[in-house]
Amino acid sequence: MNPEANSDEAREMDLARQKDEAREKIDACADSAALKDVERHYLGRKGIVASALAGIGQLPPDERKDAGQNANRLKQAIQELVDARARVLDETSLAAERSGAGFDPTLPAARLESGSLHPVTQVTRELEDLFLSMGYSVLDGPEVELDHYNFEALNIPADHPARDSHDTFFCTAEGSKDAAEQLVMRTHTSPVQVRAMEQLEPPFRVIAPGRCFRQETTDASHDHTFYQMEGMVVGRDISVGHLIGAMRTLLRGIFKQDLDVRLRPGYFPFVEPGFELDARCPFCEDGCSVCKRTTWIELLPCGLVHPNVLRAGGIDSDIWSGFAFGLGLSRLVMLRYGVDDVRHLFGGDLRFLEQF
Ligand code: DAH
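Parameters and conventions
Residues numbered from 1 in each chain as written. Predicted model: local features only at pLDDT ≥ 70, side-chain atom pairs only at ≥ 80, totals over all residues. Heavy atoms only, no water. Helix = DSSP H or I, 4+ residues; strand = E, 2+ residues; numbered from the N terminus. Rg over C-alpha atoms; globule rule 2.2 N^0.38 Å. Buried < 20%, exposed > 50% of the residue type's maximum accessible area, 1.4 Å probe, protein only. Contact = heavy atoms within 4.5 Å. Areas by Shrake-Rupley, 256 points an atom, 1.4 Å probe, with all protein chains shown as cover. Lys, Arg positive; Asp, Glu negative; His and termini not counted. Charge placed at Lys NZ, Arg CZ, Asp CG, Glu CD. Expected span 1.5 Å × (residues − 1). Core = buried A, V, L, I, M, F, W, Y, C linked by side-chain atoms within 4.5 Å. Near = heavy atom within 4 Å. Polar contact = N/O pair within 3.5 Å; in protein donor to acceptor, adjacent residues only side chain to side chain. Phe/Tyr/Trp six-rings, centres within 6.5 Å; stacked < 30°, edge-to-face > 60°. Lys NZ or Arg CZ within 6 Å of the ring centre and 35° of its normal. Pairing = 2+ DSSP bridges. pLDDT = per-residue confidence, 0-100. Axes fitted to C-alpha atoms, helices over the stretch in contact; angles between N-to-C directions. Parallel < 35°, antiparallel > 145°, perpendicular 65-115°, else oblique. Nonpolar A, V, L, I, M, F, W, Y, C, P; charged D, E, K, R; others polar.

Draft legend 1. Fine view of the overall build of the protein. Scanning the protein for helices and strands turns up 11 helices and 9 strands. Relative to the 2.2 N^0.38 estimate, which gives 21 Å for 356 residues, the radius of gyration of the protein is 39 Å and therefore markedly larger than a compact globule would have. Taking the principal axes of the C-alpha coordinates as reference, the protein spans close to 125 × 55 × 35 Å. Relative to its full complement of 356 residues, the protein shows a buried share of 41%. Expressed as a percentage of contacts within the protein between residues at least 6 apart in sequence, the contacts between residues at least 24 apart total 64%. As displayed, the protein has an accessible area near 20300 Å², and 51% of this comes from carbon and sulfur atoms. Looking at charge distribution, the protein has the averaged site of its 39 positive side-chain charges lying 3 Å from that of its 57 negative ones.

Now the structure itself:
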């Protein structure tokens, strides 16, 4: 008898036996977890096929080739059996789910989550549209601002008491630099007035919505970060009448009704005269919690641009005049939607944001 043929035959038989044994185990798997276990047993890193391959080096050289081929055939055969079983298991579990008691095709599908614009963004865009329709342009300015634009050019020189009320975040140590080079987080959008005058030739109308910062202890009506919208109109013979007219149009756009306005004196170094503009409460006729029973709501500070400010912006104050206003956007959003705490706006709580 040919001993070589003998050992070949023995190997063939061994291979067939191993394959049968594997088939039996694989077919017996009732779920994919059991199948994974069997797969690991044969094909895993320390499984039967891997150790057979690892042992090849110990065989006599003339047997190695066959042994290697056999191990690889076994590996391929088992992989095919495992894949076939996995398909069968998938189909059965899907069929069971479709026909089984736990499957209810009438259940509503999972809700699709969709995002929405932040209320401050919504109100900002609405106001931008309104002012664009009135011939204004929308400008942008830096949030980290030079002291010159945030204060100096707005008629608030270094030792002016109005600076105290601004609770400024300084980016360069206070007083460490020449005022002209000092950087601050802008405390209002008014610096964009000066940038507008530098960029544009009068006459012009601009608004500048944006984020402002103050080093403030936060409470229900104060946050260290908030939004304002600056407005500025420069032309010939601009008067308080123009200002009031523009503000009435603004109110009609926001509250969709004609509201009376009144002016109270207000002091801001960059306007003269300066005012606080109030509007009739849009929510009541004889007093409510929004207007604190006064029937008036404080809407915005405004005034006629101070000649010093025009000059700082390079505009001849003998020829040109203007008005300006500073609308508190965060406050307007609160009024509009009845939000009682400014900190909700940027607290990042989805339960709040999902309402818009
Ligand atoms: N910038 C001022 C502030 O935040 C608000 C302000 C007042 C803006 C009067 C104006 C204005 O344009 O005319 O305190």
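Here the narrative resumes.
Draft legend 2. Layout of helix 8 (residues 240-255). The end-to-end C-alpha distance of helix 8 is 22 Å, a good match for the 22 Å that 16 residues give at a rise of 1.5 Å each. Those residues of helix 8 that are buried lie in contact with helix 5 (119-133), strand 6 (261-265), strand 7 (271-280), strand 8 (296-305), strand 9 (321-328) and helix 10 (329-337). Remark: Lys 256 follows helix 8 within two positions and exhibits a positive phi of approximately 55°.

Draft legend 3. Seen up close, the nonpolar core. Counting 44 residues, the largest nonpolar core has Leu 127, Leu 250, Leu 300, Phe 323 and Leu 327 as the members making the most contacts within it. When residues of this core are traced back to their parent elements, those giving at least two are helix 5, strand 5 (225-235), helix 8, strand 7, strand 8, strand 9 and helix 10. With near-sequence residues (within four places) excluded, Leu 250 lies in contact with Leu 127, Leu 130, Phe 131, Leu 300 and Leu 327. Core analysis: the next-biggest nonpolar cluster, separate from the first, contains 24 residues, Phe 204, Val 206, Ala 208 and Phe 270 among them.

Draft legend 4. Local environment of the site of the ligand. Taken together, 15 residues form the shell around the ligand, and within it His 188, Ser 190, Arg 214, Gln 228 and Glu 230 come nearest. Contact between the ligand and His 188: a nitrogen atom at 2.8 Å from a side-chain N or O atom of the residue. In the environment of the ligand, a nitrogen atom lies 2.8 Å from a nitrogen or oxygen atom belonging to the side chain of Ser 190. Protein coverage of the free-state accessible area of the ligand, which is 350 Å², stands at 93%.

Draft legend 5. Examining the packing of aromatic side chains more closely. Under the defined criterion, the tally for this structure stands at 8 aromatic pairs. A ring pair is formed by Phe 131 and Phe 325, whose centres lie 5.8 Å apart and whose planes are at 25°; its orientation type is stacked. Note that Phe 131 is positioned in helix 5 and Phe 325 in strand 9, a separation of 194 residues in sequence. Like Phe 131, the residue Phe 325 is buried in the burial classification. By the ring-pair criterion, three or more aromatic residues cluster together here, those being Phe 131, Tyr 136, Phe 323 and Phe 325. Looking at Arg 195, its charged tip hangs above the ring of Tyr 149, at a distance of 4.0 Å from the centre. Sitting over the face of the ring of Trp 320, Arg 236 holds its NZ or CZ atom 4.6 Å from the ring centroid.

Draft legend 6. Highlighting the pairing of strand 4 (residues 204-213). In terms of burial, strand 4 is largely enclosed, as 8 of its 10 residues are buried. Note: strand 1 (residues 137-138) against strand 4, 2 bridges, orientation parallel. Note that in strand 4 the partner of Val 138 across the bridge is Ile 207. Note that strand 4 and strand 5 share 10 bridges and pair antiparallel. Pairing of Ala 208 across the sheet is with Glu 230, part of strand 5.

Draft legend 7. Structural detail: the confidence of the model for the protein. When the pLDDT values of the protein are averaged, the result is 91; 96% of them are 70 or greater. A low-confidence stretch, residues 1-5 stays under pLDDT 50, and its non-local contacts, those more than four residues away or across chains, total 1 contact.

Draft legend 8. Examining the sheet that holds strand 4 more closely. One open sheet holds the 7 strands; their spatial order is 1-4-5-9-8-7-6, and the pairing between them is mixed. Either end of the sheet is taken by a strand with one partner, and the two such strands are strand 1 and strand 6. By the bridge criterion, 8 bridges tie strand 5 to strand 9 in an arrangement that is antiparallel. The residue of strand 9 that forms the bridge with Val 234 is Gly 322.

Draft legend 9. Here's a closer look at the packing of helix 3 (residues 48-55) against helix 4 (residues 61-99). It is the contact of helix 3 with helix 4, at a shortest axis distance of 9 Å, that shows an interaxial angle of 170°. In terms of orientation, helix 3 and helix 4 fall into the roughly antiparallel class. In this structure, helix 3 contributes Val 49, Ala 52 and Leu 53 to the contact, and helix 4 contributes Gly 68, Ala 71, Asn 72, Leu 74 and Lys 75. Per-class residue counts for the contact of helix 3 with helix 4 are 5 nonpolar, 2 polar and 1 charged.

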